[in-house]
Structures are given as structure tokens and as C-alpha cells.
Amino acid sequence: MTEPGAVFRPQLPPERLRAVVRAADATGLDELWLWEDCFREGGISTAAAAPAWSERVRVGAGLLPVPLRNVALTAMEAASLHRMFPGRATLVVGHGVQDWMGQVGARPASPLTLLGEHLDALRALLAGERLTVRGRYVSLDDVALDWPPKEAVPVLAGATGPRTLGLSGARADGTVLTAATPPDGVRQARRLIEEGRREAGRAGEPHRVVACLLTATGPGAEARLRAELGAEGLESVPGLGVAADAADAARRLAEAGADTVVLQPTGDEPDPEGFVRFTAEEVRPLVRTVPRP
């Protein structure tokens, strides 16, 4: 069945995370997603803290921009997370926002090439392989993890454009779609992902698709939703975002092919703990009834 989750937005100060994790734990919410946004909060540091405050909540760490990270470091941190909290962390890598990458002197000439090389090396290192690689961006000389995860670790990619979606299908274990993806976009993404999987000979392997749903609740929900869509230049895109009642919109994303629907609050959400309770108590029971495609 389709599993819902909620996002802890990095517009909140990091010290608010503990209370939000506790709210997820208390309400039975299975997944809490964390962002690594320049220049707000680190994805790995928050992904390590969150499961330490809960015995059951799973965390999604994404997206980690590959231009910022040597793949060996990404593998070391991911392996440590999975050794400390087995099965409770989902790692997502991606291009990152290219303007932000330019601000720190890390903007690549070919983001697609970099992401592909990073995915190949990261998945191999986490599988316990020893690598010597001489790529355009990824260079490793006889590198292996001393403490690889004890079990297989899926690596997901964030993707929007057709080429990146195909790459994700071919070289990642799952794909995370942004909140700018309506149900028809989820269907199209599924098709492109499947094409990539077939071309890479991976058609029989599982591939998880995560869709995000911009959701506003509480006082001024409609105005906050419209303001955020307007700030992102998305106010004219039909089917994006919802105010208050998110269950139907989440079900439409699930029916379009999302294995997980993550409710994403607005950046100015006044009650993040209440948002988690809303997701767990009002949306989760309805979304879980939608069979996975």
C-alpha cells in the first residue's frame, strides 16, 4: 500500500526537529523527510539526529547535492547511518540547485554526467565493493568502506527533467519528484523511469517513486499556499498543492504511480508538530488504502 510521510522544512531552525520527531513518533507517522537546502541545514546531521530521538520513525535525507560531496564521504556517512539505524534512513542524491552550486564554486559543466558517476560509485561502495574509477568527475583509487552496511541500501535520485528521470531509472533504486509534479507528471515520470530501467536491463528490479504534495493547513492556509506557489512561479500549473484537505490530492498522486506521498508544508507553516499530526491522523488512514501500481 502507498505510505504517506511529512517534510520537516529547513526554514525551521534545527532545534525544532526534536519536537517534530517526537510528534511523528507519538502519532504513528512512519516517515519524516529532511532537506539539505543551501544554506540552511545539513541533510546527514539531521538524518542522524532524528532516529536517535525515536525508536521507529524512518527518515528520508534529501536531497544531497552531489556537486557538494565527494562520493566517498557520501558513502561513509550513509554507511554509518545504516549501521547505527538499520533500515531507517533513505538517502537521496541529486543535481542540486545550479545557482547555489555556483555560489560555492561547485557548479559542474555536465550535471547529468556527475550524477550518473556519483550514483554508480555510491551504490557500489555501499554494496561493499572496492573501486578504482577514473571518470570525468568521480575519481577513486582502490577505495572500499571498512564498515559497509550489513544489508542492501537503496539509493534514490531526485529528478525532474526527462534525461534525469531516465538516468534515475537506469542507475538509481528510486526517484523523488518535487512538489511541482501533478498527477499527470507522476504518470509521465513513471514512463520515463521505466524506459531507463528497460534500457539498463533493470526492468525486474524494484524502483520506488516518492511524490511530494505541497499542503497548507491551519489559519490562512489558502493564502499561504497561493503565496508559495506564486513565489515558485507555479500558480498557473493545475493540480499543484492543496489547502487543508490533502487526502484526495494524495490519493490522486498514489493512483498516478507514487509509492510514497510526502506532504510538504509551506515554508511558513506555523505549527509543524500539528502538521505531522494532521498527516498521521487525517491523511494516512485514507492514503494507505490506495494499492501501489
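It should be noted that the structure appears before, not after, this text.
Because the structure is predicted, anything quoted here is derived from the model rather than measured.

Participant: Is there a simple way to think about the side chain of R224 in this case?
Facilitator: Tracing the backbone shows R224 in helix α8 (residues 221–231). Discounting chain neighbours no more than four positions away, the residues touching R224 are A216, T217, G218, P219, T266, D268, E269 and P270.

Participant: I would appreciate a short explanation of the nonpolar core in the present structure.
Facilitator: Most often, soluble globular proteins keep nonpolar side chains buried together rather than apart. L126 and L213 are the most contacted members of the largest nonpolar core, which totals 73 residues. Once residues within four sequence positions are removed from consideration, L126 is found in contact with A75, A78, A79, L145, P148, P149, V153 and V155. Counting residues in hydrophobic clusters, the runner-up holds 17 residues, among them V7, W33, A179 and L225.

Participant: Looking at this structure, I do not really get the pattern of salt bridges. What am I missing?
Facilitator: When charged atoms on two side chains of opposite charge get close, those side chains can pair. Tallying each qualifying case throughout the model produces 23 salt bridges. For R40, the salt bridge is made with D37, and the minimal N-O distance between the two is 3.7 Å. When its relative accessible area of 44% is taken as the criterion, R40 is described as partly exposed. A salt bridge links R224 to E269, with the shortest nitrogen-to-oxygen separation between them at 3.9 Å. Of the two residues, R224 sits in helix α8 while E269 sits in the loop between β11 (260–265) and α10 (272–287), which places them 45 residues apart along the sequence. What emerges from the salt-bridge pattern is a single network uniting D25, D30, R56 and R284.

About the criteria used
- Residues numbered from 1 in each chain as written.
- Predicted model: local features only at pLDDT ≥ 70, side-chain atom pairs only at ≥ 80, totals over all residues.
- Heavy atoms only, no water.
- Helix = DSSP H or I, 4+ residues; strand = E, 2+ residues; numbered from the N terminus.
- Contact = heavy atoms within 4.5 Å.
- Core = buried A, V, L, I, M, F, W, Y, C linked by side-chain atoms within 4.5 Å.
- Buried < 20%, exposed > 50% of the residue type's maximum accessible area, 1.4 Å probe, protein only.
- Salt bridge = Lys/Arg side-chain N within 4 Å of Asp/Glu carboxyl O.

Spatial relationships are all this shows, so hold off on functional conclusions.
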